[in-house]
Amino acid sequence: RRRVLQRRRRVHPHLESLERELGVDGRPRRPVLRRVREWVARGRARDRGAAVGRVGMHVLSKHCAATPKLQLLELRGSSIGHMGAAMLARGLELHPSLTHLGIARNGIDTPALTAILQALRASPLRYLDLEWNGVDNAGAAAVAKFLASDECELRTVSLERNDIRPSGAASIAKALATNATLRNLNLGFNRIGNGGAVAIAEALCGDGNGTLLTLNLTQNDIGAE
């Protein structure tokens, strides 16, 4: 029995630490490597609310990079952090099929977000959830650059509850003026103010954008002036 366990550790040297990191209520999940392979084989990966962390992201990014089938990746509230997001970016680079990416509530900083968006340039991404990540003006500018690219196919973007100010909203507004795919934009609970709201309104009133159907600007320090 001891020899069998030793062989298993040599095959999967990080298995025990992965199970501890991903355990719920003290009970380990299925072995993470097997679960990730099952996710990718189905082309859909959902792990909402699980503490995936950096080690889990290392495993997931390797399998994403090696498998062209993944279409949906939902990691809301998975505690991947900046380093986990950077690993994810490396795994998604040149990934041809991802259409849905949900990475809300993960503490992702602007450099990691920029790397993820850069990695997704060749993907037909249609849904992007970045809520509760502390996205600032620089992060908003990175999203705007992605929206303005000729390859962009995004239909829905959620940036709710971040730290986007007027200049960040202005960057997004500039992208909206030329983007021809976006239908739903959620900027609720930021701090874009009157300046950001005016910039977005002017972009939408121009001749460039004719696709946006829903816009959420709730709780954004927008006054009556």
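The notes below deal with the structure included here. (Residues numbered from 1 in each chain as written. Predicted model: local features only at pLDDT ≥ 70, side-chain atom pairs only at ≥ 80, totals over all residues. Heavy atoms only, no water.)

**Observations regarding the packing of aromatic side chains**
Next up, step 1: Under the definition given, this model contains 0 aromatic pairs.
Next up, step 2: Lying over the aromatic face of W132, R105 brings its terminal NZ or CZ to 4.3 Å of the ring centre.
Next up, step 3: Geometry around F189 places R161 over its ring, the cationic atom sitting 3.8 Å from the centre. (Phe/Tyr/Trp six-rings, centres within 6.5 Å; stacked < 30°, edge-to-face > 60°. Lys NZ or Arg CZ within 6 Å of the ring centre and 35° of its normal.)

**Focus: the side chain of H100**
Next up, step 1: Mapped onto the elements of the fold, H100 is located in strand β3 (residues 100-102).
Next up, step 2: Of the polar contacts made by the side chain of H100, one reaches the side chain of E74; its length is 3.0 Å. (Helix = DSSP H or I, 4+ residues; strand = E, 2+ residues; numbered from the N terminus. Polar contact = N/O pair within 3.5 Å; in protein donor to acceptor, adjacent residues only side chain to side chain.)

**As for the environment of A119**
Next up, step 1: The topology assignment puts A119 in helix α6 (residues 110-119).
Next up, step 2: Residue A119 is classed as buried on the basis of its relative accessible area, which comes to 7%.
Next up, step 3: For the pair A119 and R90, spaced 29 residues apart in sequence, the C-alpha separation works out to 7.2 Å. (Buried < 20%, exposed > 50% of the residue type's maximum accessible area, 1.4 Å probe, protein only.)

**Examining α6**
Next up, step 1: Listing the buried residues of α6 in full gives T110, A112, L113, I116, L117 and A119.
Next up, step 2: Taken together, the buried residues of α6 touch α5 (81-92), β3, β4 (127-129) and α7 (137-148).
Next up, step 3: Two or three places before A112, at the start of α6, stands the capping residue D109, its side-chain oxygen 3.1 Å from that residue's backbone nitrogen. (Contact = heavy atoms within 4.5 Å.)

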